[in-house]
Amino acid sequence: MSAQRMLFFTVAALLFSGIALSGWNQVHWLLYLPAGMLVFAGLTGICPGLMLYRRLGFK
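Residues numbered from 1 in each chain as written. Predicted model: local features only at pLDDT ≥ 70, side-chain atom pairs only at ≥ 80, totals over all residues. Heavy atoms only, no water.

Caption draft 1: Seen up close, the environment of I46. Assignment of secondary structure puts I46 in the loop between α2 (32-44) and α3 (48-55). Through-space distance from the C-alpha of I46 to that of R5 is 9.4 Å; in sequence the pair is 41 residues apart. (Helix = DSSP H or I, 4+ residues; strand = E, 2+ residues; numbered from the N terminus.)

Here it is in structure tokens:
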């Protein structure tokens, strides 16, 4: 496992722990999107957020 994938998993775990501590029903649904994207990136190695920023012209 690469360091980048481990970073994705770590950030996703921190987001999900924050959601759990706040209460699953209290958190807005939009906060689940970046956490889900990071889990997807950790599993597949394809980061949707990184792809979006590259298409917008960032390096």
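Caption draft 2: Seen up close, the packing of helix α1 (residues 3-22) against α2. Remark: α1 packs on α2, axes separated minimally by 8 Å, with the N-to-C direction vectors making an angle of 150°. Here α1 is positioned roughly antiparallel relative to α2, judged by the angle of their axes. Every pair of crossing elements has a handedness; the one defined by α1 and α2 is left-handed. Across the interface between the two elements, R5, F8, F9, V11, A12, L15, F16 and I19 of α1 pack against Y32, P34, A35, G36, L38, V39, A41, G42, L43 and T44 of α2. For the contact of α1 with α2, the class distribution of residues is 14 nonpolar, three polar and one charged. (Axes fitted to C-alpha atoms, helices over the stretch in contact; angles between N-to-C directions. Parallel < 35°, antiparallel > 145°, perpendicular 65-115°, else oblique. Left-handed = near helix turned anticlockwise from the far one by under 90°. Contact = heavy atoms within 4.5 Å. Nonpolar A, V, L, I, M, F, W, Y, C, P; charged D, E, K, R; others polar.)

Caption draft 3: Main features of the packing of aromatic side chains. Considering all chains together, one arrives at two aromatic pairs under this definition. For the pair W24 and Y32, a centre-to-centre distance of 6.3 Å together with 10° between the ring planes defines the contact as stacked. Here Y53 and F58 contribute two aromatic rings whose centre-to-centre distance is 5.9 Å and whose plane-to-plane angle is 85°, an arrangement assigned as edge-to-face. Judged by relative accessible area, which is 56%, F58 ranks as exposed. (Phe/Tyr/Trp six-rings, centres within 6.5 Å; stacked < 30°, edge-to-face > 60°. Buried < 20%, exposed > 50% of the residue type's maximum accessible area, 1.4 Å probe, protein only.)

Caption draft 4: Region of interest: α1. Over its 20 residues, α1 runs 29 Å from end to end, which matches the ideal 28 Å to within 8%, given 1.5 Å per residue. Looking only at α1, the buried set comprises F8, A12 and I19. Buried residues of α1 fall within an arc of 25° about the axis and therefore sit on the same side. With respect to the buried face of α1, the exposed residues turned more than 90 degrees away are A3, L7, L14 and L21. Residues of α1 that are buried sit in contact with α2. Taken from the residues just after α1, G23 is the one with a positive phi, measuring 110°. (Expected span 1.5 Å × (residues − 1). Arc of directions from axis to C-beta.)

Limitation: the analysis is restricted to geometry and does not speak to function.
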